[in-house]
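Residue strings, one per chain:
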Amino acid sequence: MTVTHVQLVSVPVSDQDRARDFYLDVLDFDLIFDNPMGPDGSRWIQVAPKGAATALTLVTWFPTMSPGSLKGLVLETDDLDADAARLRERGVGLPDGGIQTAPWGRYITFHDPDGNGIVLQSTRV
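Residues numbered from 1 in each chain as written. Predicted model: local features only at pLDDT ≥ 70, side-chain atom pairs only at ≥ 80, totals over all residues. Heavy atoms only, no water.

S.K.: Would you mind showing me how to read the packing of aromatic side chains here?
M.R.: Each aromatic ring pair is described using two quantities: the centre-to-centre distance and the angle formed by the ring planes. Taken as a whole, this structure holds five aromatic pairs when the rule is applied. Aromatic side chains Trp 104 and Tyr 107 sit 5.4 Å apart centroid to centroid with 25° between the ring planes, which places their arrangement in the stacked category. The class of Trp 104 is partly exposed, set by a relative accessible area of 38%. (Phe/Tyr/Trp six-rings, centres within 6.5 Å; stacked < 30°, edge-to-face > 60°. Buried < 20%, exposed > 50% of the residue type's maximum accessible area, 1.4 Å probe, protein only.)

S.K.: Help me understand the environment of Ala 102, please; the structure alone is not making it clear to me.
M.R.: Structurally, Ala 102 is set in strand 6 (residues 100-102). Expressed as a C-alpha distance, the spacing of Ala 102 and Arg 124, which sit 22 residues apart in the sequence, is 9.2 Å. Not counting residues within four places of it along the chain, the set of residues in contact with Ala 102 comprises Tyr 107 and Arg 124. (Helix = DSSP H or I, 4+ residues; strand = E, 2+ residues; numbered from the N terminus. Contact = heavy atoms within 4.5 Å.)

S.K.: Please explain the pattern of salt bridges as it appears in this structure.
M.R.: Close approach of charged atoms lets side chains of opposite charge pair. Tallied over the entire structure, the rule returns ten salt bridges. Asp 28 serves as the salt-bridge partner of Arg 90, at 3.1 Å between the closest nitrogen and oxygen. Of this pair, Arg 90 sits in the loop between helix 2 (80-89) and strand 6 while Asp 28 sits in the loop between helix 1 (16-26) and strand 2 (30-36), placing them 62 residues apart in sequence. Its relative accessible area of 36% is what places Arg 90 among the partly exposed residues. The partly exposed category is assigned to Asp 28, whose relative accessible area is 33%. With a closest N to O distance of 2.8 Å, Asp 30 and Lys 50 form a salt bridge. Taken together, the positions of Asp 30 in strand 2 and Lys 50 in the loop between strand 3 (43-48) and strand 4 (55-59) put the pair 20 residues apart, joining distant regions of the chain. It is possible to trace a salt-bridge network through shared partners that takes in Asp 17, Arg 20, Asp 21, Asp 34 and Arg 43. (Salt bridge = Lys/Arg side-chain N within 4 Å of Asp/Glu carboxyl O.)

This is the structure in C-alpha coordinates:
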(Lines give C-alpha, C1' and ligand atoms only; values in the text may rest on other atoms or scores of the structure.)
Protein backbone atom coordinates (compact mmCIF):
# COMPACT_ATOMS: atom_id res chain seq x y z
CA MET A 1 0.00 0.00 0.00
CA THR A 2 1.19 3.50 -0.78
CA VAL A 3 -1.56 5.53 0.90
CA THR A 4 -0.09 8.77 2.23
CA HIS A 5 -3.04 10.53 3.88
CA VAL A 6 -6.79 11.02 4.01
CA GLN A 7 -7.61 13.73 1.48
CA LEU A 8 -11.39 14.17 1.80
CA VAL A 9 -14.26 13.26 4.07
CA SER A 10 -17.79 13.67 2.67
CA VAL A 11 -20.23 15.38 5.04
CA PRO A 12 -23.89 14.83 4.05
CA VAL A 13 -25.89 18.07 4.20
CA SER A 14 -29.32 19.22 3.08
CA ASP A 15 -28.40 22.81 2.18
CA GLN A 16 -24.90 23.41 0.86
CA ASP A 17 -25.01 27.18 1.39
CA ARG A 18 -26.09 26.86 5.04
CA ALA A 19 -23.45 24.18 5.66
CA ARG A 20 -20.72 26.20 3.92
CA ASP A 21 -21.58 29.24 6.03
CA PHE A 22 -21.43 27.16 9.23
CA TYR A 23 -18.03 25.66 8.46
CA LEU A 24 -16.60 29.00 7.31
CA ASP A 25 -18.22 31.45 9.72
CA VAL A 26 -18.61 29.34 12.86
CA LEU A 27 -15.64 26.97 12.64
CA ASP A 28 -13.35 29.41 10.75
CA PHE A 29 -12.52 26.85 8.04
CA ASP A 30 -11.10 27.98 4.70
CA LEU A 31 -13.09 27.63 1.49
CA ILE A 32 -11.04 25.49 -0.89
CA PHE A 33 -13.59 25.13 -3.73
CA ASP A 34 -17.15 26.16 -4.46
CA ASN A 35 -17.60 25.12 -8.08
CA PRO A 36 -20.46 23.92 -10.30
CA MET A 37 -20.46 20.15 -10.75
CA GLY A 38 -22.51 18.59 -13.51
CA PRO A 39 -25.56 19.73 -15.43
CA ASP A 40 -28.06 19.33 -12.55
CA GLY A 41 -26.93 22.38 -10.55
CA SER A 42 -24.86 20.38 -8.06
CA ARG A 43 -21.82 22.06 -6.54
CA TRP A 44 -18.49 20.83 -5.29
CA ILE A 45 -17.94 22.63 -2.00
CA GLN A 46 -14.74 21.78 -0.20
CA VAL A 47 -13.70 23.32 3.12
CA ALA A 48 -10.81 22.68 5.49
CA PRO A 49 -9.28 23.92 8.73
CA LYS A 50 -6.54 26.42 8.02
CA GLY A 51 -3.40 24.57 6.89
CA ALA A 52 -4.98 21.10 7.17
CA ALA A 53 -4.08 18.22 4.85
CA THR A 54 -7.60 16.75 5.04
CA ALA A 55 -10.64 18.61 3.72
CA LEU A 56 -14.40 18.12 3.91
CA THR A 57 -16.78 18.04 0.96
CA LEU A 58 -20.34 19.16 1.70
CA VAL A 59 -22.39 16.68 -0.30
CA THR A 60 -26.05 16.39 -1.23
CA TRP A 61 -25.87 13.81 -4.01
CA PHE A 62 -25.27 10.47 -2.26
CA PRO A 63 -28.66 8.78 -1.74
CA THR A 64 -27.24 6.47 0.96
CA MET A 65 -25.83 9.39 2.98
CA SER A 66 -28.72 11.26 4.53
CA PRO A 67 -28.06 14.74 5.93
CA GLY A 68 -26.94 14.50 9.54
CA SER A 69 -25.90 10.85 9.33
CA LEU A 70 -22.17 11.46 9.86
CA LYS A 71 -21.16 10.92 13.48
CA GLY A 72 -17.75 11.18 15.10
CA LEU A 73 -16.00 13.75 12.92
CA VAL A 74 -13.08 14.63 15.20
CA LEU A 75 -11.42 18.03 15.04
CA GLU A 76 -8.24 18.79 17.01
CA THR A 77 -7.66 22.15 18.71
CA ASP A 78 -4.80 23.73 20.61
CA ASP A 79 -7.17 25.71 22.88
CA LEU A 80 -10.32 23.78 23.69
CA ASP A 81 -11.56 26.21 26.34
CA ALA A 82 -11.33 29.25 24.06
CA ASP A 83 -12.84 27.40 21.10
CA ALA A 84 -15.75 26.10 23.19
CA ALA A 85 -16.42 29.69 24.32
CA ARG A 86 -16.32 30.86 20.67
CA LEU A 87 -18.79 28.15 19.67
CA ARG A 88 -21.19 29.28 22.42
CA GLU A 89 -20.79 32.93 21.33
CA ARG A 90 -21.61 31.90 17.76
CA GLY A 91 -24.82 30.17 18.84
CA VAL A 92 -23.71 26.53 18.71
CA GLY A 93 -25.56 24.36 21.21
CA LEU A 94 -23.08 22.59 23.47
CA PRO A 95 -23.94 19.84 25.96
CA ASP A 96 -24.90 20.85 29.49
CA GLY A 97 -21.96 18.86 30.86
CA GLY A 98 -19.53 21.06 28.93
CA ILE A 99 -16.01 19.91 28.30
CA GLN A 100 -15.37 16.28 29.21
CA THR A 101 -12.09 14.70 30.33
CA ALA A 102 -10.84 11.33 29.14
CA PRO A 103 -7.52 9.49 29.62
CA TRP A 104 -6.38 10.68 26.17
CA GLY A 105 -7.37 14.36 26.59
CA ARG A 106 -10.38 16.68 26.76
CA TYR A 107 -13.31 17.11 24.36
CA ILE A 108 -16.72 18.59 23.73
CA THR A 109 -19.36 17.44 21.26
CA PHE A 110 -21.75 19.44 19.09
CA HIS A 111 -23.63 19.24 15.79
CA ASP A 112 -23.58 21.12 12.52
CA PRO A 113 -26.90 22.55 11.24
CA ASP A 114 -27.86 19.17 9.72
CA GLY A 115 -27.10 17.18 12.88
CA ASN A 116 -23.75 15.73 11.82
CA GLY A 117 -21.90 14.90 15.04
CA ILE A 118 -18.62 16.69 15.68
CA VAL A 119 -16.07 16.14 18.45
CA LEU A 120 -13.73 19.02 19.24
CA GLN A 121 -10.80 17.68 21.20
CA SER A 122 -7.48 18.60 22.70
CA THR A 123 -5.27 15.52 22.87
CA ARG A 124 -3.06 15.08 25.89
CA VAL A 125 0.58 14.73 24.84
